[in-house]
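# Examination of the molecular architecture
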Amino acid sequence: MTTSSLLEEAIAISKQFDVSKDQLVAISDEFIRLADGGLKTDDMPMTMIPSYVTGVPNGTEKGTFLAVDLGGTNFRVCSIHLNGDGTFDLLQTKSVIPKNLMVGTAKELFSFLAQKVDEFIKTHLEEKFNEEAGHSANEHIYKLGFTFSFPVNQTAINSGTLIRWTKGFDVVDAVGKDVCKLLQDELDLLKLPVHVAALVNDTVGTLMSRSYSTPGESATLLGVILGTGTNGAYVESLAAVDKLDKSIASLAGKSVMVINTEWGSFDNDMKVLPTTSWDNAVDLETPNPGFQMFEKRVSGMFLGEILRRILLELHEKGLLFSSSSTPLSTAWSLDTSILSRVEADSTPDLVAVKSIIETDLGLPTTLVERQAVKLIVEGIGKRSALLAGAVIGGVLVQIKACESNPVVDIGVDGSVFEFYPGYEELMRLALKEVIGENEKKIRIGIAKDGSGVGAALCALVA
Ligand code: ADP
């Protein structure tokens, strides 16, 4: 194979990740159709879950709360003090979730989570609390917001049954159970002074925290996660949520509700989403083939593996890398941060790419090989951002956000958005295709520590 044909091959592969303007509009239209269906009935793939959160904060909220976050890769425990002026103080610890617990029993997983809360209270709160208040921490019951970023059937602000796992988790006996109760039971066994007050999806938390931290400005209407997984939550008019029984007492006098879209499973039927042979291969490697099809093209859990599959195929065809390596041939061995680091290298010799492939794949490269890798990376990353932009546009059209607001604020959390070079600009390209010049009204900002503060805010309103 000649030098130029490797590059030609890489260009052809990258092209397979193109999304046309027409496709972006079709994606947004299909999103609106499925969202509308999900607001009417529960048996739609995009579940449009009512959060029972009926307003967004304005920055004046106060108090001290605990929050835990079971995301994808990590478990976070934090205490949050809301100062009432849009600012907060946060203490946080983070532990990696052992892989065996992600596929073990509910008891093992939730007892691990409770132990981490115990450690946090012992290390960070007891002493501080004793000093400040002059009494034992055990006299105080902490309200805890539980950020649980998997699809649940929420029935009240502090209870919800797990519908299915995503992001590589498969704790079979937890499905169908109330996850707040699973956590509360384990906390009670340890005799901890903690009440699980709110079940919070991370996307809802992101929306809440962004709204708290931008007080006095335009309301935040959408919270977005672009990390291990992807999801969006937005402020919907209560009247539009047909499937909800609006006669329940907690909804009296309320006009809006935050809806967790679960857009990770947008278009599982693959009517409008683009696909490649590598997407199909990655899908078959997951515990849930055919589900979370949008997420599998957009989020951090999958982009590294899509890249690895392509590189391996080129290597097996004899087009790329003179030797093989364990990371190259091992599923899920490439972290999505590799794509960000490759994309960031604009040196003529791609020196950073050289060292990334040496370090992470254990392989020497020629310049042409590095150029080929970069072209492929750009295709995968660009498609992720365009798809994210198209569904964000769909939400904005659904709630007619730009018609009544001079500025529409969107809070985003997650390493893919935060660290992938040029991700926001690419998202905006897709937004422009969907909402035209109104794209200029959209303000997008990071909701830093979103899930912790958001969970505290939900525990507060609970
Ligand atoms: P989580 O979603 O688990 O709460 P993050 O927002 O940090 O946590 O997302 C983790 C995901 O982001 C992982 O899939 C990881 O591969 C990916 N990731 C981490 N760093 C980067 C980076 N620099 N660029 C792109 N993706 C990244």
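Refer to the structure presented above.
Residues numbered from 1 in each chain as written. Predicted model: local features only at pLDDT ≥ 70, side-chain atom pairs only at ≥ 80, totals over all residues.

## What about the overall build of the protein?
Counting secondary structure elements, the protein contains 17 helices and 13 strands. For 462 residues, the compact-globule formula gives about 23 Å, and the C-alpha radius of gyration of the protein, at 23 Å, lands near that figure. Dimensions of the protein, computed from C-alpha atoms along their principal axes, come out at roughly 75 × 50 × 40 Å. A burial count over the protein gives 49% of its 462 residues as buried. Excluding contacts between residues fewer than 6 apart, the proportion of contacts in the protein whose partners are at least 24 apart in sequence is 74%. (Helix = DSSP H or I, 4+ residues; strand = E, 2+ residues; numbered from the N terminus. Rg over C-alpha atoms; globule rule 2.2 N^0.38 Å. Buried ≥ 20, exposed ≤ 12 C-beta atoms within 10 Å, placed from the backbone. Contact = placed C-beta atoms within 7 Å.)

## Description of the packing of helix α9 (residues 300-316) against helix α13 (residues 367-398)
The geometry of α9 relative to α13 is characterised by a closest axis approach of 10 Å and an angle of 145° between their N-to-C directions. Handedness of the α9/α13 crossing: right-handed. Counted together, L303, I306, L307, I310 and L311 of α9 and V373, I376, V377, I380 and S384 of α13 form the full contact between these two elements. (Axes fitted to C-alpha atoms, helices over the stretch in contact; angles between N-to-C directions. Left-handed = near helix turned anticlockwise from the far one by under 90°.)

## Concerning the sheet that holds strand β10 (residues 230-237)
In spatial order, the strands read β1-β11-β10-β9-β12-β13; together these six strands make up an open sheet with mixed pairing. A strand with exactly one partner marks an edge of an open sheet, and here the two such strands are β1 (49-50) and β13 (442-446). Sitting on the sheet, helix α6 (residues 202-213) touches β9 (220-226), β10, β11 (256-260), β12 (408-413) and β13, and the angle it makes with β9 is about 130°. (Pairing = 2+ DSSP bridges.)

## A word on the sheet that holds strand β2 (residues 62-70)
Ordered in space as β4-β3-β2-β5-β8, the five strands form an open sheet in which the pairing is mixed. Looking at strand neighbours, the two that pair on one side only are β4 (88-96) and β8 (194-200), the edges of this open sheet. Shown here is a sheet whose adjacent strand axes are inclined to one another by a mean of 20°, direction ignored. The strands touched by helix α5 (residues 179-189) within the sheet are β5 (142-148) and β8, with β8 carrying the most contacts at an inclination of about 160°.

## Description of the pairing of β2
Taken together, the nine bridges between β2 and strand β3 (residues 74-83) define a ladder with antiparallel strand orientation. Across the sheet, residue K62 finds its bridge partner in β3, namely N83. Hairpin connection of β2 to β3: three residues between the antiparallel strands.

## Section: the environment of L70
Examined against the element boundaries, L70 turns out to sit in strand β2. Given 21 C-beta atoms within 10 Å, L70 falls into the buried group. In this structure, the C-alpha to C-alpha distance between L70 and N201, residues 131 residues apart in sequence, is 9.6 Å. With sequence-adjacent residues up to four places away left out, L70 is seen in contact with F75, L113, T147, F148 and S149.

## Some points on the site of the ligand
Around the ligand sit 18 residues, and of these G71, G227, G300, S340 and F419 come closest. Listed by contribution, the elements that provide at least two residues to the shell around the ligand are α9, α11 (337-344) and α15 (415-419). Its residues placed into classes, the shell around the ligand shows four nonpolar, 13 polar and one charged. (Near = placed C-beta within 6 Å. Nonpolar A, V, L, I, M, F, W, Y, C, P; charged D, E, K, R; others polar.)

## What to know about the nonpolar core
V117, L144, F146, L183, V391, I392 and A456 are the most contacted members of the largest nonpolar core, which has 109 residues in total. Sorting elements by how many residues they give to this core places α13 first, with nine residues. Counting residues in hydrophobic clusters, the runner-up holds 29 residues, among them F321, V342, A372 and I380. (Core = buried A, V, L, I, M, F, W, Y, C linked by C-beta atoms within 7 Å.)

## Remarks on helix α16 (residues 423-435)
Helix length check: α16 (13 residues) gives 18 Å between terminal C-alpha atoms against 18 Å at 1.5 Å per residue, within 8%. Every buried residue belonging to α16 is among Y423, L426, M427, A430, L431, E433, V434 and I435, and all of these are buried. G436 lies just past α16 and shows a positive phi near 65°. (Expected span 1.5 Å × (residues − 1).)

## Observations concerning unusual backbone geometry
Positive phi, close to 65°, is recorded for W332, a residue that is not glycine. Tracing the sequence through the fold places W332 in the loop between α10 (326-329) and α11. Residue classification places W332 among the partly exposed positions, given that 14 C-beta atoms sit within 10 Å. Unusually for a residue other than glycine, K400 sits at a positive phi of about 50°. Looking at where K400 falls in the secondary structure, it is placed in the loop between α13 and α14 (401-404). Judged by the 10 C-beta atoms lying within 10 Å of it, K400 is exposed.

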